[in-house]
Amino acid sequence: MAANVCLPVEVHAFVLNESVADDNEAKIAPITQPNYTFLRLDDQVIQNDVHDFVDLHYTSPHGNNSRVTDLGSNVTLTNRLGVYVSWVIPRAYRSGTSATNTTGADDRKRQQGFPVPQATDKDYSAPDFRPVPTRWLVVRHIDTGTVTPAVSDTVAKKIQCRAWVIESDRQWNLDSDKEMLGKDLQVDVSPFVAPSRENDRSSVAQQAEVFIGNKTDATIWVEDDTNSKNPPSRIDSLSLLTSSNHLFADYQPHNTNVFSMVDDFTYEDDAGKVMTMQSAKASYYVIGWHRWDTDDPFYMTPQLTTQSVRLDALNMSVQGAGDEGPVDNWLGQELATTCLCHGALYEVQWTADDPPAVVPARVAAQQLTKNTPNIPVAVGATAMDALITYVAAHKDTDTGPVQQLEKDLWNIRMLLLAQEDGSDPLLEAKDVLYNYGFERLDGGNQWNLSGAADGTQPSKEQSPDYLRLGTLQAALDNAKRTVQYLQWQLFSLWWKFVSGAFGDPSDPGTINHVKTDLVLPLVNRIKLLVGSDTQANSLSWLQGQVQALTTKLPVERAASPSFFQQKDPTLMIGGVEAGWAADYLDKLKIRLAFQVASYVDPPDDTWSEFDTPSASTGLLQQIVPKLPSGVQDIATSLLREFRALRPTHTAVLPSPTFYFSLYHDQGPPPTDPNAPPPPATDPWRDCWYGQPWFPLFIEWEAEYFHIPYTDFGPVERQEQDAVSVHPVLRFEIPSTKSLMGNVPDRRTTSGRILLLPQPGFSLKSAIKQLIRNMGAQLDQYLPGTDPNTLLNEVNSLPYLSHPLTGLREHLTTRVPGTHITTTQRPPGEKLGALQAAVDASTPIGMGANEILLQQGQSDLTPYGHSIGLVAYAESQDFPPLKPVTHGQMRFTALNIIDKFGQAICALDPTPAPVSKLPHIAPGLTDLYTCQEISKGVPNVVDAGLAPPYCEFVQLPPGINQGTRINATSVTRDGTGPWRPTEEWENPIWGWIVVNYVEYALQIFLPDGTFYREIVHGGINADTVSPAWAPFQKPNIMPGPSTPQLDYLIQQLSNETYLTAFFDMLNGAFANLPATPDTYAQYMSSIIGKPLALTHTGWSIELATPPLQNESTLNNTPEDRVLLSPTTPVLPVGRDPTLPRPSATTPQYSFPLKIGDGERAYDGLIGYFNVSSQSRSGFDFSQIFTYFPSPKSSSTVLIDSSNFPLLNATYVSPDALVNPGNVNGGTTMKDPAAVVMERNGNLSIFACIVDPFTKIHGYTGVLPIQTLVVPAWAMEAAMKNITAFFKAGPILVTEPLPAWDAGQALKADDPADKIYVDPKTKIPASVAIPAVGKAGWAWLQPYDEPVPEVPEPGFPRAEVRPRVGRGAAGQVEIVPPPYLAVGVGKVDGTPRFEDAPYLAVEGYLRQTGPLMQPGSAKAGP
């Protein structure tokens, strides 16, 4: 066996006496244990959450507090007074893993240190947690000189050292275990949901009678599982998952004698009378081990894996690793070992009468309430946003090091997201920050053809299969999301039936109604959707089809765009220290047995009874032999180390190969290895300096007012950041709309927030990345502060932060909480139906098979009739369901509870008249700030605080279910419907290049083939060149015909329109980012920046059908709906007899802002709306742009008055067999029909964009969406776009070549095509001064006949008659043919060549890139 592993744990001790309970600032919460009676399937008992909110109304004086006083007899519960010792379970036992059920899954679980179940049909899809240690030895040493009243020497020896063994897995039954008589159910044992394979109704009913935990004096304790004829009941493989209580691991009132214990300081005096010490100083040591070796995370079969791999899986590291000695040898071993958890806490001062001198909870309470109502609470979109909001409010009023830290964070607030300098990166960072305010949901999958990202097309044989694969996958994802939604709806029906929300569950009428009208239609629909491999278009069939095609085709899986839903606002409370150790999320630093020094101290009377190596009387000698033989040696070393490291004794490590334990230090080591050691006055983490303060959860309550959606409007607010002022799309309430007293729709919402060790660490990680990316550049933002110092001190900023869990759920009539479910899944096994749940719902047609259809979709419970809605009389007639949040809320309760039940309150919970209720004004980020109705007066729904204080958080519109913006390039097949482009399809329908040499627009086809030029000036003020001039029509037309370009050109032929168009482009070019260096490789770089013409489609799509009202106390239908009220209603578990929104109920519509003229990282120039009145399909007469021309109304400024409006959409995978009969059954839609219907929801726009820059879509209710031209499409066009411009007349001395029709230029000829003399085979050239750094050609027109034939099928724009050859009207003017002649390099020096001279006019055309390979930069 390999050397034992020592896992450090942090130990806390809390002193509870009557004086402590009298504190009205650091309140002591009554013990509120989980009520597992609520798990019983009785309509009078079952509840949405077994955890009641902590009642803090009357906690002091102690006579009012049930924690320490029997309120019936008014007698103090002395057994509950004392020191509560608790230890923090290491992270390795809190981390669960899931796995796919593939070959080798068992071995992977074993390699990670998880036990593998014996079941033959394993299923690892659900998370599994490692078993925790179930034996804990707690050793107490008392400095007998500090005990009062003084005791005799004999008693002193007895009380000097004492130990207890905690059996965490000991199971008790309230009825059957006689030993339960006399136990205090709140401090001697802990309620627990006992896992049982007796899957029957009685096993659920008995849960309220099950408790676990046991404390025994270590001197009389024996491990009796094998030695007793009647072994006690045990929980098999106890893990934090099996507790079914998210507070179980850390909340001491929930885990007494499991992961904590109370030391009441009682003892027997010389006469045998039980006495209580009035004061004493005690030190505690905790050792934990696994009862069964196979539960140990370091258990392994030989050669399974190395210890190094196992440590990585456990997120641990060994101190001293890399020594090329015993540690590295151990890391390479493949042998099992055992671990011991251990931790110490020295010099805990117990007193029976007085409170501890140091009470951080009281300081936190004072900090929280000292400036009421302007308390240190902020609300933001994210943890970082809330933190910055808090810092902005307090950086100028706080003092000392915290103030400097806040100022430093303020200086780098935007840099924490943008890792470069400049206004635009900071602005882009703010957009990223906005997107962080949304929760990402699965959007499904898509399949990319290998190589298609470069424009590679599938073969002719592959194309039909590939297109079908995309259709099938989209339909499959849609069906999956719908099924998951319906699975929860089925659970909701079960819950509402067994809880009596539909009426008496035993009433035949109720049973028949629920079964016939609700359950059976929904079950049948789910079964149809899930289907089978042979049921066409069902989910199972789609999965089989997709799998077959992905095996056949060269494709790669990718994630489809995610759905999102707005996160609940994030609450940030400043000035309150977090409880978790700053290094808790770091790899746990462990020691091996040979790294623990074995101290043998000289005699010490104060520890004389602890260790007596020469006799058996010492505590160590009495208890260590009771431990498993494999850990006795290391336990002895650890206990002696406990004595040696006491604060009154200086212990020196005997050699560098030994290490002190983690937490025997003054805090985590600084990030900078060169940082000085902490001052000697800093506290040691294993010493007690006063009451602990370990905030564990926050309970909040708020009053929500639902403001009409029409009161909000989209506004582009100007916001200031560190560099610039910029517009941000927000929903705001105009000052002309007074809310005071005009919003009767209100209700109470609440939630419980678990304080996990995350926000502070994410801040630290962000600063680390900033230092790494910016280096010395960061100094300019932190004058006088070393960035590494900031990194080291960030942990000292006291704050708590977490989203307001529960807000969205309440507004959608759902409740989070710990409750009974309909299924059970033992670790590593398949999901099974809970027999008690089956028995309760079989009468309504919901047996085991129907229960399994739910597939565990039961995290939330419906309101039913358990959650009241009539808190306010005027709210009775308003719909309970809020599909979209838009309102204001104010806190009515905000309580922070720590692991020992200490509580601080931002609002005094003492009952008071309405006029005297407390109010607080939290700091608010811009997103949640109420607008002003007049200067300094916020526009709020109710008067609570006098201006300028504002207690209300304004919640702008946010969709309360999974939604996404679909932004895609689109195309159409002929005149067919619009559809998204495939990844190899070019989304561009033309290019525009500005030729500033001629002040002209050159129009190119999608592949870069030249089409036309429009010159500003000339006859009638502008000239539209003939098609293709100066080339002839291509040999093969590149792609479809050009009607869209022709209609646009028709508009551009208007002088006023063209002038406005140029003004728009000039304004845009001044704002757009510089062209990338790679653009200079292409010939078009000499002319101007190319602009792409694309078709884009935008829609708002719901992931699932709209949520339903889950309250049975109020059936008022929604007053505004997400989908059209005429959308067909399918079975979703809603009672068809209840009122529904009428056909005239308004539908939510959301503005879409495409692009942003003030964001240089946005590439939109302008867009055209769809028009059914135009043959082109678009209204090209008006361009919506951020750069309008003042000279024409053809360019329209994009602002909130003309944003396009989008409605939410959803496509069901099935349809009613008989429209109008919701219970008449459904039939599956063809996948192609589903996708076509989804595509039909797109709103189409023709856009002019910078192809090098993304365009952005803003809605104010969803994350910012982006769209960009594929790189391959742009690069392909850039290779073909030719730079050319008119030149002449120019005198040349050599004749031009004779006309050769066979070498006439065509539009699709390569740019370097040059006329070659057919006799000499030498390229012809003409001497013309030209740019010397690139190849040039002279394009010479010839007066040769060309048939004047109109191009068939081209809808031509009308053109004005022109001077020259050709005719007007539908027949285009046919340009003269051209030959390309090389340009000889010649300077301008006169040479007086012999006549005749020839005057020529034509075009200079570039034949090669300005930047040759290897050049440092582009040419002129």
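Refer to the structure presented above.
Caption draft 1: Representation of the overall build of the protein chain within the structure. When helices and strands are counted, the protein chain shows 24 helices and 63 strands. For the protein chain, buried positions account for 55% of its 1420 residues. For the protein chain, the share of sequence-separated contacts (at least 6 apart) that also reach a separation of at least 24 residues comes to 78%.

Caption draft 2: View of the pattern of salt bridges. Applying the stated criterion to the full structure yields 43 salt bridges. Note that arginine 808 and glutamate 439 form a salt bridge whose closest N and O atoms lie 3.4 Å from each other. Here the residue arginine 808 occupies a position in helix H18 (residues 807–811), and glutamate 439 occupies one in strand E20 (residues 438–441), the gap between them amounting to 369 residues. For arginine 808, a relative accessible area of 10% puts it in the buried group. Given the relative accessible area of 31%, glutamate 439 is considered partly exposed. Residue arginine 890 is joined to glutamate 951 by a salt bridge in which the shortest nitrogen-to-oxygen separation is 3.1 Å. One end of the pair, arginine 890, is in strand E35 (residues 884–898); the other, glutamate 951, is in the loop between strand E39 (937–938) and strand E40 (952–959), with 61 residues separating them in the sequence. In this pair, the class of arginine 890 matches that of glutamate 951, namely buried.

Caption draft 3: Main features of the pairing of strand E63 (residues 1398–1406). One ladder, built from seven bridges, connects strand E59 (residues 1284–1292) with E63; its direction is antiparallel. Counterpart to phenylalanine 1285 in the pairing with E63 is leucine 1404. Judged from the four bridges that link them, strand E61 (residues 1336–1341) and E63 form a sheet pairing that is antiparallel. From the neighbouring strand, alanine 1337 faces E63, where its bridge partner is arginine 1405.

Caption draft 4: Structural detail: the packing of aromatic side chains. Inspection of the entire model under this criterion finds 41 aromatic pairs. Their ring planes at 65 degrees and their centres at 5.0 Å tell us that tryptophan 580 and phenylalanine 694 sit as a pair that is edge-to-face. Of this pair, tryptophan 580 sits in the loop between strand E24 (570–574) and strand E25 (588–592) while phenylalanine 694 is found in the loop between helix H15 (632–644) and strand E26 (695–706), placing the two residues 114 residues apart along the sequence. Assessed through its relative accessible area of 2%, phenylalanine 694 is described here as buried.

Caption draft 5: Focus on the sheet that holds strand E2 (residues 11–16). If you trace the three strands from one edge of the open sheet to the other, you get E2-E6-E13, paired in antiparallel fashion. Each edge of the open sheet carries a strand with a single partner, namely E2 and strand E13 (260–263). In this sheet, neighbouring strand axes are inclined to one another by 20 degrees on average, regardless of whether the strands run parallel or antiparallel. Of the pairings in the sheet, the one linking strand E6 (residues 82–87) to E13 comprises four bridges and is antiparallel in character. Pairing of tyrosine 84 across the sheet is with valine 262, part of E13.

Caption draft 6: Examining the packing of helix H11 (residues 462–498) against helix H13 (residues 539–552) more closely. Contact pair H11 / H13: the axes reach a minimum separation of 9 Å and the direction vectors enclose 145 degrees. Of the two elements, H11 crosses H13, and the hand of that crossing is left-handed. Between H11 and H13, the residues in contact are Asp465, Arg468, Leu469, Leu472, Gln473, Ala475, Leu476, Ala479, Lys480 and Val483 and Leu539, Trp541, Leu542, Gln543, Gln545, Val546, Leu549, Thr550 and Lys552, respectively. Grouping the amino acids of the contact of H11 with H13 by side-chain chemistry returns eleven nonpolar, four polar and four charged.

Caption draft 7: Here's a closer look at the sheet that holds strand E9 (residues 171–173). Reading across the sheet, the three strands line up as E9-E11-E10 and stay open at both edges, with antiparallel pairing between neighbours. The open sheet has two free edges, formed respectively by E9 and strand E10 (190–191), since each of these has just one partner strand. In the sheet, E9 pairs with strand E11 (residues 210–212) via three bridges, with the strands oriented antiparallel. Residue tryptophan 172 lies in a different strand from E11, and its bridge partner there is phenylalanine 211.

Caption draft 8: Looking closely at the pairing of E6. Counting buried positions along E6 gives six out of six residues, so the element sits mostly inside the fold. Where E2 lies against E6, six bridges are found, and the strand directions are antiparallel. By the bridge assignment for E6, phenylalanine 14 is matched with tyrosine 84.

Caption draft 9: Just the environment of glutamine 278, in detail. On the secondary structure map, glutamine 278 appears in the loop between strand E15 (274–276) and strand E16 (279–289). Along the backbone, glutamine 278 and alanine 150 are 128 residues apart, and their C-alpha atoms lie at a distance of 9.6 Å. Those residues within four positions of glutamine 278 in sequence are excluded, and the remaining contacts are Thr148, Pro149, Trp350, Thr351, Ala352 and Asp353. A distance of 3.3 Å separates the side chain of glutamine 278 from the backbone oxygen of threonine 276, its partner in a polar contact.

Caption draft 10: Geometry of the environment of glutamate 439. Distance from glutamate 439 to lysine 567, taken between C-alpha atoms, is 5.6 Å for residues 128 residues apart in sequence. Setting aside anything within four residues of it in sequence, one finds glutamate 439 in contact with Phe563, Phe564, Gln565, Lys567 and Arg808. For glutamate 439, the side chain forms a polar contact with the side chain of arginine 808, separated by 3.4 Å.

Caption draft 11: Region of the structure containing helix H8 (residues 383–394). Compared with an ideal rise of 1.5 Å per residue, which puts twelve residues at 16 Å, H8 spans 16 Å between its outermost C-alpha atoms and is within 8% of the ideal. H8 sits mainly inside the fold: nine of its twelve residues count as buried. Residues of H8 that are buried: Met384, Asp385, Ala386, Leu387, Ile388, Thr389, Tyr390, Val391 and His394.

Caption draft 12: Broad picture of the side chain of glutamine 595. Assignment of secondary structure puts glutamine 595 in the loop between E25 and helix H14 (619–623). Assessed through its relative accessible area of 1%, glutamine 595 is described here as buried. Leaving out residues up to four positions away in the same chain, glutamine 595 has contacts with Val318, Gln319, Gly320, Val327, Ile590, Thr657, Phe658 and Tyr659.

Each value, and the rule that gives it
Residues numbered from 1 in each chain as written. Predicted model: local features only at pLDDT ≥ 70, side-chain atom pairs only at ≥ 80, totals over all residues. Heavy atoms only, no water. Helix = DSSP H or I, 4+ residues; strand = E, 2+ residues; numbered from the N terminus. Buried < 20%, exposed > 50% of the residue type's maximum accessible area, 1.4 Å probe, protein only. Contact = heavy atoms within 4.5 Å. Salt bridge = Lys/Arg side-chain N within 4 Å of Asp/Glu carboxyl O. Pairing = 2+ DSSP bridges. Phe/Tyr/Trp six-rings, centres within 6.5 Å; stacked < 30°, edge-to-face > 60°. Axes fitted to C-alpha atoms, helices over the stretch in contact; angles between N-to-C directions. Left-handed = near helix turned anticlockwise from the far one by under 90°. Nonpolar A, V, L, I, M, F, W, Y, C, P; charged D, E, K, R; others polar. Polar contact = N/O pair within 3.5 Å; in protein donor to acceptor, adjacent residues only side chain to side chain. Expected span 1.5 Å × (residues − 1).

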